[in-house]
Amino acid sequence: MSCAVPAAAAAAGGSAAAEGSQQSHEEDDRKVRRREKNRVAAQRSRKKQTQKADKLHEEYESLEQENTSLKREIGKLTDEMKHLSEVLKDHEKICPLLHCTMNFVTVPRPDALTSCLPR
């Protein structure tokens, strides 16, 4: 009979070991699933980050083009302003209205203008 007790204890211990093995296997499965889920989430995060960086780069390129275009327009407008200033200076030298003595008299403007115009 003493031999039967260790056999029963061994059988009970064997089932406990099997349960432990099964628990360990379930924990491993959970770890694998968690790692896979984490890997997928990390991929999604990296993809989102890359898309955001690409969008920012496109916006940068667009703003650079707009900036270049605006600088060109500023240059053209500056040149036009210089040209028109020269035209105005040249005109002021010969303008009869600016040299007319009647402009200094307090007379209604239409009369002053007609009296100064060349005939």
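Predicted model, so just to flag it, every value in this text is computed and none were measured. (Residues numbered from 1 in each chain as written. Predicted model: local features only at pLDDT ≥ 70, side-chain atom pairs only at ≥ 80, totals over all residues. Heavy atoms only, no water.)

**With respect to the overall build of the protein chain**
Note the threshold: Working definition: helices are DSSP H or I runs of at least four residues, strands are E runs of at least two. Numbering for both runs from the N terminus. Throughout, exposure labels follow a simple rule: accessible area from a 1.4 Å probe, protein chains only, divided by the maximum for the residue type, with under 20% read as buried, over 50% as exposed, and the rest as partly exposed. Method for areas: the Shrake-Rupley scheme with a 1.4 Å probe, in which residue coverage is limited to the protein chains shown.
A tally of helices and strands in the protein chain yields three helices and zero strands. Helices (α) and strands (β) of the protein chain occur, in sequence order from the N terminus, as α-α-α. Counting only residues that meet the buried cut, the protein chain has 3% of its 119 residues in that class. Summing over all exposed atoms, the protein chain offers an accessible surface of approximately 10900 Å²; the carbon and sulfur share of this is 58%.

**A few points about the pattern of salt bridges**
To keep things clear, this is the line we draw: Here a salt bridge means any side-chain nitrogen of Lys or Arg lying within 4 Å of a carboxyl oxygen belonging to Asp or Glu.
Per the stated rule, a full pass over the model turns up two salt bridges. Glu36 is the partner of Arg39 in a salt bridge, and the nearest nitrogen-oxygen pair spans 2.5 Å. You can see Arg39 and its partner Glu36 sitting in helix H1 (residues 4-94), three residues apart, about one turn around the helix. A salt bridge links Asp90 to Lys93; the nearest nitrogen and oxygen atoms lie 3.9 Å apart. One end of the pair is Asp90 and the other is Lys93, both in helix H1 and three residues apart, which spans about a single turn.

**Quick word on a negative patch on the surface**
Threshold: Exposure above 30% relative accessible area and the lack of any salt bridge qualify a residue for a patch; like charges then connect within 9 Å, and the nonpolar side chains Val, Leu, Ile, Met, Phe, Trp and Tyr within 5 Å. Only four residue types enter the tally: Lys and Arg on the positive side, Asp and Glu on the negative side, with His and both chain ends excluded. Just so you know, the charge point we use is NZ for Lys, CZ for Arg, CG for Asp and CD for Glu.
Together, Glu26, Glu27, Asp28 and Asp29 make up a negatively charged patch on the protein surface. Within the secondary structure, Asp29 is located in helix H1. Judged by its relative accessible area of 31%, Asp29 is partly exposed.

**A short note on a positive patch on the surface**
Side chains of Arg30, Lys31, Arg33, Arg34 and Arg35 sit close together on the surface and give a patch of like positive charge. For Arg30, the location among the structural elements is in helix H1. Note on Arg30: relative accessible area 46%, which makes it partly exposed.

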